[in-house]
Amino acid sequence: MGTEKDIRLIALDLDGTLTNDEKKITPETKEALMEAQRMGVRLCLASGRPPFGMMPLVEELEMARYGGILMAYNGGYVMDCQSGKVITEVILDDSLLFRLHEYQELSGMTLMTYHNDKIYTEHPNDSYVQISSRNNRMKVVGVENFTRDVPKPVNKCLMVGEPADVPYWEKEMQDAFCGEMHILRSTPYFIELLPLGIDKGPALSAICNAMGMSVGNAMAFGDSYNDISMIKAAGIGVAMENAEDAVKASADIVTLSNNADGVAKVVKEVILSKW
């Protein structure tokens, strides 16, 4: 299982992993992570969410105090929580927005993006846009023309729609934007539209390198497709019981679900039990 490794960093996806289905960190999971930080293990919150939508969890876990790292936009934006310094920020080329807008028209799905504390889209009442609004506690702003009206720069976009439609359009866009963007699902209804090379796995490796450790010193937890590269890269990769089958297949350990303190179980067994 690889559980004898020297774990010095815990990387955590948020929705479906760190938080339960009510989008909260349970007391048992919080205490396990706080204890790990007190022992010198650092945390990295790794999500497709925008920074604004992650900050309440950064604050709850006191990551500024313990030198934690925020990895937003699947690695397109990385911040040192202690200093507030932005380590990495990668943006989408404006020329891609027009073509992405064409795929909104072709697919019948909804294109959206984030900027600061707001979500921008031509379809503000879309049910999946509203899910992102609730998850991130961000106001939705409707625009007349996505390409023209969204604030720049754009770090990433999302194409959101019915789960039955998403796999087809994910593949269509991967083919159309091959060599220009990184495109993958983060949930059954979200397609992440990212700058080329932006992925949680390489981002985790770069973070570890900058911190003077190997990615083998990291433990990574996740539940969805955009977590697979991170789980594979880490010294110990952990999938939640509620994870997609492909995520479980990529992991060293499958733990309990996000509603049953699966993160706390592994942190206690692998890290806290050694102290």
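None of the values given here were measured: they were computed from a predicted structure. (Residues numbered from 1 in each chain as written. Predicted model: local features only at pLDDT ≥ 70, side-chain atom pairs only at ≥ 80, totals over all residues. Heavy atoms only, no water.)

Student: Help me understand the pattern of salt bridges, please; the structure alone is not making it clear to me.
Tutor: Pairing between side chains of opposite charge can happen when the charged atoms of each approach one another. Overall, the coordinates contain 17 salt bridges when judged by the stated rule. The closest approach of N and O atoms between Asp13 and Lys200, which form a salt bridge, is 3.1 Å. Within this pair, whereas Asp13 is found in the loop between β1 (9-12) and α1 (27-38), its partner Lys200 is found in helix α8 (residues 200-210), the two being separated by 187 residues in sequence. A single burial state applies to Asp13 and to Lys200, both of which are buried. Notably, a salt bridge pairs Lys118 with Asp117, separated by 3.3 Å at the nearest N-O pair. For Lys118, a relative accessible area of 26% corresponds to the partly exposed category. For Asp117, a relative accessible area of 32% corresponds to the partly exposed category. Each of Asp13, Lys200 and Asp227 takes part in salt bridges that share partners, so that together they form one network. (Salt bridge = Lys/Arg side-chain N within 4 Å of Asp/Glu carboxyl O. Helix = DSSP H or I, 4+ residues; strand = E, 2+ residues; numbered from the N terminus. Buried < 20%, exposed > 50% of the residue type's maximum accessible area, 1.4 Å probe, protein only.)

Student: Sorry if this is basic, but what is going on with the layout of surface pockets here?
Tutor: A water-sized probe, rolled over the atoms, reveals where empty space remains. In this structure, the largest pocket occupies an estimated 490 Å³ of space. Asp15, Gly16, Lys23, Ser186 and Thr187 are the residues nearest the centre of the largest pocket, which is lined by 28 residues in total. Those elements giving two or more residues to the lining of the largest pocket turn out to be α5 (127-136), β10 (181-187) and β11 (190-195). The leading source of residues in the lining of the largest pocket is α5, at 3 residues. (1 Å grid on protein atoms, 1.4 Å probe; cavity = no way out; pocket = protein on both sides within 12 Å on 5 of 7 lines; lining within 4 Å. Points joined across faces, edges and corners; volume = space filled by probe spheres on them.)

Student: Would you mind going over unusual backbone geometry with me for this structure?
Tutor: In most cases, non-glycine residues show a negative phi, while peptide bonds are predominantly trans. Between Lys152 and Pro153 the backbone carries a cis peptide bond, its omega angle lying at 0°. Even without being glycine, Tyr73 reaches a positive phi, approximately 50°. Structurally, the position occupied by Tyr73 is in the loop between β3 (69-72) and β4 (77-80). Even without a glycine there, the phi angle at Asn116 is positive, about 55°. With respect to the element layout, Asn116 can be found in the loop between β6 (110-115) and β7 (118-121). The exposed category is assigned to Asn116, whose relative accessible area is 58%.

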